[in-house]
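What follows is the residue order along each chain.
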Amino acid sequence: MRIGELAKRTGTTTRALRFYEAQGLLPAARAANGYREYDENDLRLVTEIQTLRTVGFSLDDTRPFVDCLRTGHEAGDACEASVDVYRRKLAEVEACMRDLAEVRSALLDKLAAATAHPADTCAGPDPRSPDDD
């Protein structure tokens, strides 16, 4: 299949596919006329890249999964290098969750302190009235 068909079947753009090629993720065979030619294996590579990108992986993070598929495995995460990426990404997510939990706790403390103050009407100057100089 040519690049336009691969783009259509994967729901992406030809520009994205060329970018994947430039990054070494999607090698393209060339026909005698110079057109890029792709097969079902390339469709699997692009689908794997897109799936991983959807869950927040960078293009570089997808490389071990693509390499695993290229070596003939049925799944991109059948190789240890891919599993290592999962572990690293999970650790990153867990660190973010801890950071967010700390922020949430601090905000809850601030909200509790703010609502414990006596009611005060914080009426400032009316922004619609001209300043008296």
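Summarised in this report is the structure supplied together with it. Chains are numbered independently. Their residues run from 1 in the order of the written sequence. This being a predicted model, a pLDDT of at least 70 is required before a residue's local features are given, and a value of 80 or more before pairs of side-chain atoms are given or counted; all residues contribute to the totals for chains, interfaces and linings. Excluded from the side-chain calculations are hydrogens and water; all other atoms, namely the structure's heavy atoms, are used.

**A look at the overall build of the chain**
Thinking step 1. Secondary structure counts use DSSP, requiring at least four H or I residues in a row for a helix and at least two E residues in a row for a strand, with both numbered from the N terminus. Secondary structure summary: the chain contains five helices and two strands in total.
Thinking step 2. Mapped from its N terminus to its C terminus, the chain presents α and β elements in the order α-α-β-β-α-α-α.
Thinking step 3. The globule rule used for comparison is 2.2 Å times the number of residues to the exponent 0.38, while the radius of gyration itself is calculated over C-alpha atoms. On C-alpha atoms alone, the chain measures out to a radius of gyration of 26 Å, which is more than a quarter above the 14 Å that the 2.2 N^0.38 rule sets for 133 residues.
Thinking step 4. Judged by the C-alpha coordinates and their principal axes, the chain covers about 80 × 40 × 20 Å.
Thinking step 5. The buried label goes to any residue with under 20% of its type's maximum accessible area, the exposed label to any with over 50%, and the partly exposed label to all in between, with areas taken from a 1.4 Å probe on protein chains only. Within the chain, the fraction of its 133 residues that count as buried is 25%.
Thinking step 6. In short, Shrake-Rupley with a 1.4 Å probe defines the accessible areas, and a residue's cover is counted only from the protein chains shown. Looking at the chain as shown, the accessible area adds up to about 9500 Å², and 55% of this sits on carbon and sulfur atoms.
Thinking step 7. His residues and chain termini do not enter the charge count, which takes Lys and Arg as positive and Asp and Glu as negative. Where a charge lies is defined by one atom per residue type: Lys uses NZ, Arg uses CZ, Asp uses CG and Glu uses CD. Between the mean site of the 18 positive side-chain charges and the mean site of the 24 negative ones, the chain shows a separation of 8 Å.

**With respect to the packing of helix α1 (residues 3–10) against helix α3 (residues 40–54)**
The description of two packed helices rests on the angle between their axes and on the distance between the axes.
Thinking step 1. With axes taken as lines fitted to C-alpha atoms, and helix axes fitted only over the stretch in contact, angles between N-to-C directions fall between 0 and 180 degrees. At a closest axis distance of 10 Å, the pairing of α1 and α3 adopts a crossing angle of 45 degrees. Between α1 and α3, the crossing angle belongs to the class labelled oblique. Between α1 and α3 the crossing geometry is right-handed. On the side of α1, the interface is formed by Leu6, Arg9 and Thr10, while α3 contributes Glu40, Asp42, Leu43, Val46, Thr47 and Gln50.
Thinking step 2. Each residue belonging to the contact of α1 with α3 can be placed in one class, and the counts come to three nonpolar, three polar and three charged. An angle below 35 degrees is read as roughly parallel, one above 145 as roughly antiparallel, one from 65 to 115 as roughly perpendicular, and any other as oblique. Crossings are assigned a handedness: left-handed for a near helix turned anticlockwise from the far helix by less than a right angle, right-handed for a clockwise turn. Residue contacts follow a heavy-atom distance rule, with two residues in contact if any of their heavy atoms lie within 4.5 Å. Ten residues, namely Ala, Val, Leu, Ile, Met, Phe, Trp, Tyr, Cys and Pro, are considered nonpolar, four, namely Asp, Glu, Lys and Arg, are considered charged, and the remaining ones, Gly among them, are considered polar.

**Concerning the packing of aromatic side chains**
Thinking step 1. Each Phe, Tyr or Trp ring, with Trp reduced to its six-membered ring, pairs with another whose centre is within 6.5 Å; inter-plane angles below 30 degrees give stacked pairs, above 60 give edge-to-face pairs, and intermediate values give tilted ones. If you walk through the whole model with that rule in mind, you get three aromatic pairs.
Thinking step 2. On the basis of an interplanar angle of 70 degrees and a centroid distance of 5.9 Å, the ring pair of phenylalanine 57 and phenylalanine 65 is categorised as edge-to-face.
Thinking step 3. Since its relative accessible area comes to 0%, phenylalanine 65 is described here as buried.
Thinking step 4. Within the aromatic cluster, the residues linked to one another by ring pairs are Phe57, Phe65 and Tyr86.

**Here we look at the environment of alanine 81**
Thinking step 1. Among the structural elements, alanine 81 can be located in helix α5 (residues 80–116).
Thinking step 2. Taking relative accessible area as the criterion, alanine 81 reaches 42% and is therefore assigned partly exposed.
Thinking step 3. In sequence terms alanine 81 and valine 103 are 22 residues apart; their C-alpha atoms lie 33 Å from each other.

**Some words on the pattern of salt bridges**
Thinking step 1. Each salt bridge in this description consists of a side-chain nitrogen of Lys or Arg and a carboxyl oxygen of Asp or Glu lying within 4 Å of one another. Counted according to the given criterion, the structure contains twelve salt bridges.
Thinking step 2. One salt bridge connects glutamate 5 with arginine 9, and the closest N-O pair in it is separated by 3.9 Å. Of the two residues, glutamate 5 and arginine 9 are both situated in helix α1; the distance of four residues between them amounts to about one turn of the helix.
Thinking step 3. Owing to a relative accessible area of 40%, glutamate 5 belongs among the partly exposed residues under this scheme.
Thinking step 4. Taking relative accessible area as the criterion, arginine 9 reaches 43% and is therefore assigned partly exposed.

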